[in-house]
Structure formats: structure tokens, C-alpha cells
Amino acid sequence: MASDPITVSVIQHRLESIVQEMGEAMLRTAYSQILNSSRDFSTAVFDGSGRLAAQAEHVPIHVGALPWAVASVAEFFKGRIAPGDLFLLNDPYHGNNHLPDLTVLLPVFVGDRPVFWSINRAHQHDIGGATHGAYNPGATEIWQEGIRITPLKLYDRGVLRDDVLQMVATNVRHPRDFQGDLRAMMGSARIGERRLLKLVDDYGLETVLETIGEILDGAERQTRECIRGWKDGVFKGEAILDDDGHGINDVHIRATVTKKGDSLTVDLTDSHDQVIGFVNSAFPNTMSAVHMALAYLIDPRTPKNEGTFRPVTVKARQGTVVWPYPPAPVTLSTNHCAQEIAEAIIKALAKSCPDRVLAGWSRRFRIAISGTNPRNTRKFIWHLFHARGGGGASSAGDGWETAGEGQAAGGIKFGSVEVAETRFPLFFKRHEFRPDSAGDGRYRGGVGSVLELRMETTGPALGNTAGDGVRYPAYGVLGGQDGLPHRYRMISRGKTRVLKTKEVGIPIPPGAVFLIESMGGGGYGPPARRPAEARTADRVNGFVSAKPRRGKA
């Protein structure tokens with residue numbers, strides 16, 4: 001018998017509150033700034049059949065790949081999963097996004113029956129490999145990117161396998177921070193377990209499981225109803241990456257999207273052949289990017305769960321950048337080419353649902369710095385999450401200022417300047433909006449940032465970069481203009497070095513200054529339709545100068 005609508009609504013909101021509480025616990029207990037400040041993690045609950053039941057609004061690219069992680073663990077340990085077990089996974093060829101995203105999977109039992117999975121996926125500030133900071137632009141195979149954790153049992157019937165933990169922690173550069181972050185992840189998952197068991201106590205197991213099925217079916221109905229209102233047809237879109245860091249330029253992602261009735265078929269088979277560098281995307285990450293694009297286009301009030309993505313069929317060809325053969329490196333793919341997969345789909349659908357598409361968001365341009373902090377003589381790794389780029393505009397209005405890259409949709413934050421200066425040998429001389437960086441349009445993109453950052457190290461430091469968007473900016477849509485691309489420079493001893501998006505082993509002398517200008521978001525609609533009062537407000541707020549740049553409409 002179907003549950004009554006009130007019970008369905010209450011249980012749906014209880015599930016959403018559970019994943020939100022899991023996220024809050026993670027935020028308050030993680031050691032690394034990349035987690036406790038920038039929030040590069042996600043939480044989710046699956047049912048015992050491996051269906052996504054609820055996710056928190058953290059990092060969209062994380063959660064869409066989780067079904068493959070759950071399936072990988074469930075298949076590998078089939079018949080060997082017991083109460084008290086807890087699993088780890090990070091290998092992208094076994095269901096993960098990329099190696100830095102460590103996943104904790106906790107099966108939740110009622111009696112001897114596994115009925116839920118409580119999951120936390122979090123980006124580690126280091127995962128071993130050939131370079132510090134979890135990104136290796138020089139990698140030509142995945143073993144150079146970090147330790148690969150295939151489905152692994154860390155707790156066996158409630159007993160910690162401390163030899164396994166020691167082995168994993170030994171393979172990263174900062175084992176103390178790694179273990180602190182891992183314990184925060186496990187604590188987050190255990191909070192999910194307790195709240196799920198309380199939900200079962202309150203409503204009964206069969207009612208909860210039956211209701212989850214209805215929640216998923218309801219999300220599917222809402223998604224199909226939204227798609228049904230779009231124009232039928234076959235539509236094409238393309239997005240291009242600057243390069244792969246190994247001399248292969250203009251890496252294209254091409255999507256042919258067939259919209260018929262209440263369903264979509266996304267064909268990615270015409271995408272670029274797999275490349276040498278780390279912009280290749282493992283299949284689970286590609287599927288996550290497709291689902292992410294759909295989530296951006298449908299009604300934001302529709303729950304994002306397994307049912308939401310049933311209307312989409314995906315076609316891909318192995319040997320391409322969107323589905324490489326192992327052992328291709330893939331670490332940058334959660335940013336690029338995941339964002340470009342979504343962009344190609346969104347561009348394709350611009351003529352099908354023009355009121356729902358969005359202009360291009362900023363691309364990611366990360367710097368990871370390793371050195372010694374002279375204040376305490378400790379080794380450090382610092383990731384640049386400041387100087388965020390701008391968000392893309394849409395029919396709803398202007399893009400968000402300094403919202404960051406599109407694959408995170410504002411879910412990853414830049415951390416406190418004061419905290420960063422306290423914990424690391426850094427001085428933020430300037431951190432402000434970048435005028436005129438946004439694409440013009442009826443609705444303009446969000447502006448990017450300007451950051452002037454001085455190193456306060458006394459000895460040598462090293463930097464790696466990982467990103468894209470120096471050659472190809474955030475795109476405008478439906479007549480809107482493109483934003484400005486990134487421009488990153490390092491100034492030392494009177495000399496200026498323009499930083500590439502994919503470099504490894506950059507020497508950073510003491511006192512070096514980074515001058516960073518991040519990308520602005522793309523505009524939506526013809527600039528001629530932007531109201532005069534909006535332009536006045538842009539000048540007053542400093543988003544555009546008195547003589548803003550002119551570009552192609």
C-alpha cells in the first residue's frame with residue numbers, strides 16, 4: 001500500500017536533513033582547510049539496493065558518480081558485508097571520480113539486513129603520488145597520481161584494521177592531517193547511520209523503504225514533466241579545453257542531445273580521443289557530469305536522487321577523453337573535462353529550453369604550494385581556493401560574483417583570509433572583485449577576482465598548477481558575451497612569470513608575489529536588452545568601470 005503524501009514528504013525531508021547534518025559534522029571536525037573551510041566534500045544516503053535516496057547540496061560532481069562506487073564495493077564484497085563494517089574507495093576505475101576524492105561507505109544494518117549506505121566523499125589535500133597536493137600535471141599514467149584504493153574494508157565487524165590504516169596513511173605526505181580528515185569522514189557517516197536507524201524506529205523499516213521508492217518515482221515524474229515542456233529535436237553542443245598539459249591542444253567535448261517527449265539521449269561518442277594528460281574522465285565521472293548538467297536545467301525544487309536521472313540515456317565510446325582506457329591519468333577531470341561535458345550538453349539544449357540554460361561559469365585554476373612554515377618549522381601544503389571566478393548568467397538574472405567553477409556551482413568556498421594567514425606563511429595584500437571580467441548581456445556574468453598574495457617563506461617552496469581557462473573563457477549564451485579568461489602571474493626579484501594552467505615543480509622564492517586575475521562568467525541574452533538601471537548599479541558597485549570593455553555580442 002502506498003504511503004500517504006504527508007508521510008512521503010516528511011520522510012523525504014528527514015532524509016535531506018540527515019545528509020545536511022552529516023555535512024555539518026564534517027565541516028566542524030575535519031583537519032584540512034580544503035575541507036573545514038572550502039567545503040570540498042559531499043554526503044549522501046543510498047538504500048540497500050544501491051539507489052541514491054538523498055544528497056546534500058555540496059559538490060555536484062561528487063555525488064553523481066557514487067552509484068558506481070556503491071556497486072563496486074557491494075560486488076567486490078558480495079556475501080562478506082556485516083554489521084560494523086566500513087569501506088574505503090578512491091580508484092576512478094572502480095567507481096570513484098578521481099584519486100583525491102576518498103570515499104567512506106558505511107553499510108547500515110537493521111538486524112542482519114543491510115538497508116542503507118551512509119556515505120561521505122571528501123577531497124584530500126594530498127593522496128601521495130609523484131607530486132604534492134593531489135594533482136600531478138606531469139602524470140601520463142594513473143600510478144603517478146597517488147595511491148589507488150580499490151574497494152577496501154577498513155573496519156571488519158566493528159574492529160579497525162589498523163595495519164590497513166597505517167599502510168594507507170604512510171602513502172600520503174601528511175599522515176596526521178589525513179587521518180584526522182578520515183576520522184571526520186567516518187564520524188559523519190556514523191551520524192548518518194544513527195539518524196537513519198532513528199528514522200526506521202519512528203516509521204518502521206518497510207514503510208521507510210516503500211516511501212523511498214515513492215520519493216524516487218516522484219522525482220522521476222517531476223523531471224519528466226519538466227523535460228516534456230522543452231522543444232523536441234536533435235541538438236549539438238561543443239566545449240573545448242585549452243590543452244592536456246602534454247602538447248595536445250583544443251581538446252573537444254561534443255554532445256549530440258536528442259530530446260523526445262519526456263526523455264533525453266546524450267551522445268558523447270564524437271568527443272576527442274583520450275589524451276596523454278590528466279584531463280581524461282573515467283566513466284563514473286562522465287556519468288556524474290551528465291547528471292550534473294540535467295540537475296542544473298530542471299526545476300531546482302525537484303529532489304536530486306536516483307529517480308531524477310532515469311529520463312537520461314548516455315552513449316559514450318571507450319578510448320575517448322570521456323571514457324579512457326586505463327591506466328590513463330584522470331585527476332583533473334572532476335573539474336575539466338567534467339565541466340566541459342556539462343557545458344556541451346547545456347549549449348546543445350539552448351534552443352530546446354532557452355529559459356533554463358545558463359551561460360558558462362569560471363573554469364578552475366588551482367595552485368598547490370609546498371614548503372616549510374618558518375613560524376613553526378613544519379612542512380605545509382596549501383591549496384589556492386581564493387580568487388574565485390564568476391558564475392554564469394541565466395534567465396533568472398546575473399551570475400554570482402566570485403562563485404567559482406561550474407562543476408561545483410558555488411558549493412566550494414574560498415576560506416577565511418585571516419585563517420589562511422594564521423596557519424600558513426602567506427600575506428593577502430589584495431583580494432577583491434575584478435572589474436569588467438564578466439561577459440555582458442541582458443544578464444551579465446558574475447565578476448571574477450583579483451588577488452595579490454605574498455609568500456612569507458624564508459626557504460624554497462614548490463608550486464604545481466592544475467586547471468584550464470587561459471585560452472577558452474566562460475561562454476556567453478543566446479547573444480550574451482564571453483567572460484575574460486584567467487591571467488595568473490608570479491613576480492619575483494623584478495621578473496614576471498606567466499603561469500600555465502598545468503605545470504609541476506614551479507620554484508617559488510621567498511617573498512614571491514602571486515598576481516591572480518580570475519575568469520568572469522558568461523553573459524545571457526543580448527547586451528542591448530540590459531536595463532539602464534542595471535548598468536548604473538554595475539558601475540556604482542565597481543563590477544564594470546566607467547568605460548567597460550566591448551566585445552562581440
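Residues numbered from 1 in each chain as written. Predicted model: local features only at pLDDT ≥ 70, side-chain atom pairs only at ≥ 80, totals over all residues. Heavy atoms only, no water.

Undergrad: Please set out the sheet that holds strand E13 (residues 379–383) residue by residue, giving values where relevant.
TA: Spatially, four strands are ordered E13-E12-E16-E19 in an open sheet, and the strand pairing comes out antiparallel. Two strands in the sheet have a free side with no partner beyond their single neighbour: E13 and strand E19 (502–508). For this sheet, the mean angle separating the axes of adjacent strands, direction not counted, is 15°. With five bridges joining them, strand E12 (residues 365–372) and E13 adopt antiparallel strand pairing. Residue Ser370 lies in a different strand from E13, and its bridge partner there is Ile381. (Pairing = 2+ DSSP bridges. Helix = DSSP H or I, 4+ residues; strand = E, 2+ residues; numbered from the N terminus. Axes fitted to C-alpha atoms, helices over the stretch in contact; angles between N-to-C directions.)

Undergrad: Any chance you could break down the side chain of Thr334 for me, citing the residues and the numbers?
TA: Here Thr334 is to be found in the loop between strand E11 (312–315) and helix H9 (338–348). Separated by 3.5 Å, the side chains of Thr334 and His98 make a polar contact. (Polar contact = N/O pair within 3.5 Å; in protein donor to acceptor, adjacent residues only side chain to side chain.)

Undergrad: With reference to specific residues and values, describe H9.
TA: Of all eleven residues in H9, ten are buried; the element is thus mostly enclosed. Restricting attention to buried positions, one finds in H9 the residues Ala338, Gln339, Glu340, Ile341, Ala342, Glu343, Ala344, Ile345, Ile346 and Ala348. (Buried < 20%, exposed > 50% of the residue type's maximum accessible area, 1.4 Å probe, protein only.)

Undergrad: Outline the packing of aromatic side chains, listing residues and values.
TA: Counting across every chain of the model gives eleven aromatic pairs. Seen in terms of ring centroids, Phe76 and Phe77 are 5.0 Å apart; in terms of plane orientation they differ by 70°. Their pairing is edge-to-face. You can call Phe76 partly exposed: its relative accessible area is 47%. A relative accessible area of 6% means that Phe77 is categorised as buried. Arranged with centres 5.3 Å apart and planes meeting at 70°, the rings of Phe433 and Phe543 form a pair that is edge-to-face. Residue Phe433 is located in strand E14 (residues 426–434), and its partner Phe543 is located in the segment after helix H11 (532–541); the two are separated by 110 residues in the primary sequence. Taking relative accessible area as the criterion, Phe433 reaches 35% and is therefore assigned partly exposed. An aromatic cluster of at least three residues, connected via ring pairs, comprises Phe76, Phe77, Phe87 and Trp117. Directly above the ring of Tyr155 sits Arg190, whose terminal nitrogen or CZ lies 5.1 Å from the centroid. (Phe/Tyr/Trp six-rings, centres within 6.5 Å; stacked < 30°, edge-to-face > 60°. Lys NZ or Arg CZ within 6 Å of the ring centre and 35° of its normal.)

Undergrad: Describe the state of the cysteines, with residues and values.
TA: Enumeration over the complete set of coordinates arrives at zero disulfides. Of all cysteine sulfurs in the structure, the one in Cys353 sits closest to Cys226, which takes part in no disulfide; the separation is 7.5 Å. The exposure class assigned to Cys226 is buried, which follows from its relative accessible area of 12%. (Disulfide = S-S within 2.5 Å.)

Undergrad: Any chance you could break down the layout of surface pockets for me, citing the residues and the numbers?
TA: Computed from the structure, the second largest pocket encloses a volume of approximately 530 Å³. Residue lining of the second largest pocket: 22 residues in total, with His174, Asp177, Lys379, Arg423 and Phe424 positioned closest to the centre. Residue assignment for the lining of the second largest pocket shows that the elements contributing at least two residues are helix H2 (33–36), helix H6 (175–203) and E13. In terms of residue count, the dominant contributor to the lining of the second largest pocket is E13 (five residues). Here the lining of the second largest pocket is built from residues that sort into seven nonpolar, ten polar and five charged. (1 Å grid on protein atoms, 1.4 Å probe; cavity = no way out; pocket = protein on both sides within 12 Å on 5 of 7 lines; lining within 4 Å. Points joined across faces, edges and corners; volume = space filled by probe spheres on them. Nonpolar A, V, L, I, M, F, W, Y, C, P; charged D, E, K, R; others polar.)

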